[in-house]
Amino acid sequence: MGETILRMEGIEKRFPGVHALQNCHFDLKGGEVHALLGENGAGKSTLMKVLTGVHKKDGGRIVFMGEELGALSTQKTQAMGISMIHQELNLMPHLSAAQNIFIGREPRIGGVFTDEKRLNREAMRLFQMLGLGLDPRVRVADITVAKQQMVEIAKALSFESKVLIMDEPTAALTAREIEELFKIIRDLKARGVGIVYISHRMEELMEITDRITVMRDGAHIKTVETASVTTGELIHMMVGRTIFEQAKESGSAKREVALEVRGLNTRVLKDISFTLHRGEILGFAGLMGAGRTEVARAIFGADTITSGEILIKDRLVRIASPKDAVRCGIGYLSEDRKRYGLALSMTVEENTVLASMKSFSRVGFIRFRETAKTAADYVSMLKTKTPGIRQAVRNLSGGNQQKVIIAKWLVRDCDILIFDEPTRGIDIGAKSEIYKLLSELAAGGKSIIMISSELPEILRMSDRVAVMCEGRITKILDIKEANQETIMEYATQREEKQQSAKEN
């Protein structure tokens, strides 16, 4: 690691009703990966948005490359060499990779026309620097999320960035893609780039970071050398309490069947059959692209079913749209909660009652006292952290946004709940609360399908595990016979058989 290139001292930031940052400190050295760790709402992203000029600080000082910075803007910080890759990638899908990298800075011919050859040549130089075999002319919409992230990194390098901030960079990546990203991070370190790494994945932090700064409730708690601290110690610093989660030893006793799927086929899925019992949590595991989300979308009527049957409490039902699914008592929490689960500009109250508006209406008029009371009751029940029920949900942390969606389907009184990646992008403290909530829902008789890419989470929560590979269920395991090795064996079963056939 080199000299300190960035210091943030005594940073203060207030929003209406919220003291978001309180006397925060952070420093970064050239050639190091420094993690920012904390629960959702701890202030990590806010601190970085102050650094990048998205938010104006209310107090404190920022020193970069030995010079104290005044008023900041995103354009100014980027030009100075401070770049941030957000969790929601900021690319234009209809443009090429090269066009996205140099948008607003395109090389010109005669000061008028874009020099496409030079544009693509410069983008290719950046890709080669990253060891990325990507055609700069390819449309961003046509490449994977992992490659889109590499385009964002290339864009940052095009500004000759000295500081690169990565917010949850591996949230949507496979294990192989994470390895490729880590290789690039190590190359950037070797060039002296300072990297701020925001993630909730402890095993990643222990592997890739040099130092870790823990934040809680908008304040700096401690900065430690990664090699000198344990995961348990970090978790305790984050949440101020000890969290211990262990895998289930046995599943719940089988009760009546709440949902049965028989021979379901779609454009992606092949002959999907399973049952879901009342009060059961049925986990769906598999590699990226195995078809887990497609099962959820098919049952919820979001994807077209070409053949097969769905029965709810032994009654054959026809689900051609999400409206049909909701009418049948099915609620779906999408993996992309911001796109499909929430109306971000609307309040906690409005989102909570959104799926049940008819029950709050009388002769065309909404009974607002009832909507307010219902929202307040669920905020209290689920322990949702919000200044009030009229707070816009876009201002809540990821874990609390998830609770608002859960409240929406509980108000609707859905008996079958599908949770797709319920803890993606939320911290370990909020995860523990979501786990407790799911367990309580199941104990209360709700039937839950839980899709997760995290095997410890599947083993912690499930009564049975349906393992998928290439659009098929390859095995349904009782939790007593499930472990990570067995799940991975069935998750790769068809791939291995096909590979073996090709080799022979």
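Preceding this section is the structure that the text describes.
Since this is a predicted model, take the numbers as computed values, not measurements. (Residues numbered from 1 in each chain as written. Predicted model: local features only at pLDDT ≥ 70, side-chain atom pairs only at ≥ 80, totals over all residues. Heavy atoms only, no water.)

Visitor: How do you make sense of the overall build of the protein when you look at a structure like this?
Guide: Along the protein, the regular secondary structure elements total 18 helices and 24 strands. Summarising its shape, the C-alpha atoms of the protein cover approximately 70 × 65 × 50 Å along the three principal directions. Within the protein, buried positions represent 52% of all 504 residues. The contacts in the protein between residues at least 6 apart in sequence include a share of 66% that link residues at least 24 apart. In the protein, which carries 72 positive and 66 negative side-chain charges, the distance between the mean positions of the two groups comes to 5 Å. (Helix = DSSP H or I, 4+ residues; strand = E, 2+ residues; numbered from the N terminus. Buried < 20%, exposed > 50% of the residue type's maximum accessible area, 1.4 Å probe, protein only. Contact = heavy atoms within 4.5 Å. Lys, Arg positive; Asp, Glu negative; His and termini not counted. Charge placed at Lys NZ, Arg CZ, Asp CG, Glu CD.)

Visitor: What's the story with the pattern of salt bridges in this structure? I'm lost.
Guide: When their charged atoms lie close together, side chains carrying opposite charge are able to pair. What the rule picks out here adds up to 26 salt bridges. A salt bridge links arginine 211 to glutamate 32; the shortest N-O distance between them is 2.7 Å. Placement of arginine 211 in strand 11 (residues 211-216) and of glutamate 32 in the loop between strand 2 (18-29) and strand 3 (33-37) is noted, with a sequence separation of 179 residues between them. Residue classification places arginine 211 among the buried positions, given a relative accessible area of 8%. We note a salt bridge from arginine 390 to glutamate 349, for which the minimum N-O separation is 3.7 Å. In this pair, arginine 390 sits in the loop between helix 13 (368-382) and helix 14 (398-411) while glutamate 349 sits in helix 12 (residues 348-353), placing the two residues 41 residues apart along the sequence. Overall, the relative accessible area of 8% leaves glutamate 349 in the buried class. If you follow the salt bridges from partner to partner, you end up with Arg7, Glu9, Arg61 and Glu68 in one network. (Salt bridge = Lys/Arg side-chain N within 4 Å of Asp/Glu carboxyl O.)

Visitor: I would appreciate a short explanation of the pairing of strand 2 in the present structure.
Guide: Regular strands have side chains that alternate between both faces of the sheet. In the sheet, strand 1 (residues 4-15) pairs with strand 2 via 8 bridges, with the strands oriented antiparallel. Within strand 2, the residue paired with threonine 4 across the bridge is lysine 29. (Pairing = 2+ DSSP bridges.)

Visitor: Help me understand the environment of threonine 423, please; the structure alone is not making it clear to me.
Guide: Mapped onto the elements, threonine 423 comes out in the loop between strand 21 (416-420) and helix 15 (428-443). When its relative accessible area of 2% is taken as the criterion, threonine 423 is described as buried. Every residue in contact with threonine 423, bar those within four places of it in the chain, is listed here: Gln402, Lys431, Ile434, Tyr435, Glu454 and Glu457. Separated by 2.4 Å, the side chains of threonine 423 and glutamate 457 make a polar contact. (Polar contact = N/O pair within 3.5 Å; in protein donor to acceptor, adjacent residues only side chain to side chain.)

Visitor: Sorry if this is basic, but what is going on with the nonpolar core here?
Guide: For soluble globular proteins, nonpolar side chains are generally found buried alongside one another. Counting 74 residues, the largest nonpolar core has Leu259 and Phe274 as the members making the most contacts within it. Ranked by the residues each element gives to this core, the list is headed by helix 14, at 7 residues. When sequence neighbours within four positions are dropped, the list of residues in contact with leucine 259 reads Phe274, Thr275, Leu276, Ile299, Ile310, Leu311, Ile312, Ile416 and Ile449. Counting residues in each nonpolar core, the second largest holds 48 residues, with Ile101, Ala123, Ile185 and Tyr197 among its members. (Core = buried A, V, L, I, M, F, W, Y, C linked by side-chain atoms within 4.5 Å.)

Visitor: What am I meant to see in the sheet that holds strand 9 (residues 163-167) here?
Guide: To summarise the sheet geometry, strands pair through backbone hydrogen bonds and adopt either a parallel or an antiparallel arrangement. Strand order across the open sheet formed by 6 strands is 6-9-10-3-11-12, with mixed pairing between neighbours. Both edges of this open sheet fall to strand 6 (82-85) and strand 12 (219-225), since each of them pairs with a single strand only. Each adjacent strand pair in this sheet contributes to an overall mean axis angle of 20°, direction not counted. Pairing of strand 11 with strand 12 involves 6 bridges; the strand directions are antiparallel. Bridged to arginine 216 within strand 12 is alanine 219. (Axes fitted to C-alpha atoms, helices over the stretch in contact; angles between N-to-C directions.)

Visitor: Please clarify how the pairing of strand 24 (residues 472-478) should be interpreted in this entry.
Guide: Sheet topology note: the strand 23 (residues 464-469)/strand 24 ladder contains 6 bridges and is antiparallel. Bridge assignment links alanine 466 to a residue of strand 24, and that residue is isoleucine 476.

Visitor: Honestly, helix 9 (residues 292-299) in this entry has me stumped. Any pointers?
Guide: Extensive coverage of helix 9 is indicated by the burial of 6 of its 8 residues. Remark: glycine 301 follows helix 9 within two positions and exhibits a positive phi of approximately 80°.

Visitor: Sorry, what's going on with the packing of helix 5 (residues 145-158) against helix 6 (residues 175-190) here?
Guide: Between helix 5 and helix 6, the least distance of the axes is 11 Å, while the angle of their chain directions is 10°. Considered as vectors, helix 5 and helix 6 are oriented roughly parallel to each other. Where helix 5 abuts helix 6, its residues Ala146, Gln149, Met150, Ile153 and Leu157 lie against Glu177, Glu180, Leu181, Ile184 and Leu188. (Parallel < 35°, antiparallel > 145°, perpendicular 65-115°, else oblique.)

Visitor: Would you explain the packing of aromatic side chains in this entry?
Guide: Any two aromatic rings considered together are summarised by their centre-to-centre distance and by the angle between their planes. The full count for this structure, using the stated rule, is 4 aromatic pairs. Each ring, one from phenylalanine 300 and one from tyrosine 332, has its centre 5.4 Å from the other, and the planes form 55°; the classification is tilted. Residue phenylalanine 300 is located in the loop between helix 9 and strand 16 (307-312), and its partner tyrosine 332 is located in strand 18 (residues 330-333); the two are separated by 32 residues in the primary sequence. Residue phenylalanine 300 shares its accessibility class with tyrosine 332, and that shared class is buried. Sitting over the face of the ring of phenylalanine 159, arginine 105 holds its NZ or CZ atom 3.8 Å from the ring centroid. (Phe/Tyr/Trp six-rings, centres within 6.5 Å; stacked < 30°, edge-to-face > 60°. Lys NZ or Arg CZ within 6 Å of the ring centre and 35° of its normal.)

Visitor: Before we go on, may I ask you to explain helix 17 (residues 484-491) in this structure?
Guide: Turn by turn, an α-helix covers 3.6 residues, leaving residues three or four places apart pointing in a common direction. All of the buried residues in helix 17 are Thr486, Ile487, Tyr490 and Ala491. Buried positions in helix 17, seen along its axis, are confined to an arc of 135° and lie on one side of it. (Arc of directions from axis to C-beta.)

Visitor: Looking at this structure, how should I read the sheet that holds strand 2?
Guide: Strand order in the open sheet formed by 4 strands is 2-1-4-5, and the pairing between neighbours is antiparallel. The open sheet has two free edges, formed respectively by strand 2 and strand 5 (67-68), since each of these has just one partner strand. Both strand 4 (residues 59-64) and strand 5 contribute to a ladder of 2 bridges, which runs antiparallel. In the strand pairing of strand 5, phenylalanine 64 is matched with glutamate 67. Across the sheet, helix 1 (residues 44-51) is in contact with strand 1, strand 2 and strand 4; its angle to strand 1 comes to roughly 110°.

Visitor: In this structure, what is going on with a nonpolar patch on the surface? I would like to understand it.
Guide: Together, Ile109, Val112 and Phe113 make up an exposed nonpolar region whose accessible area comes to about 330 Å². Note that valine 112 resides in the loop between strand 7 (108-109) and strand 8 (113-114). (Patch = residues over 30% accessible without salt bridge, like charges linked within 9 Å, V, L, I, M, F, W, Y side chains within 5 Å. Areas by Shrake-Rupley, 256 points an atom, 1.4 Å probe, with all protein chains shown as cover.)

Visitor: How should the state of the cysteines be read in this particular structure?
Guide: Simply put, disulfide is the name for a covalent bond between the sulfur atoms of two cysteines. Inspection of every chain in the model, using the stated rule, returns 0 disulfides. You can see cysteine 328 has no disulfide; the closest cysteine sulfur is in cysteine 414, sitting 10 Å from it. (Disulfide = S-S within 2.5 Å.)

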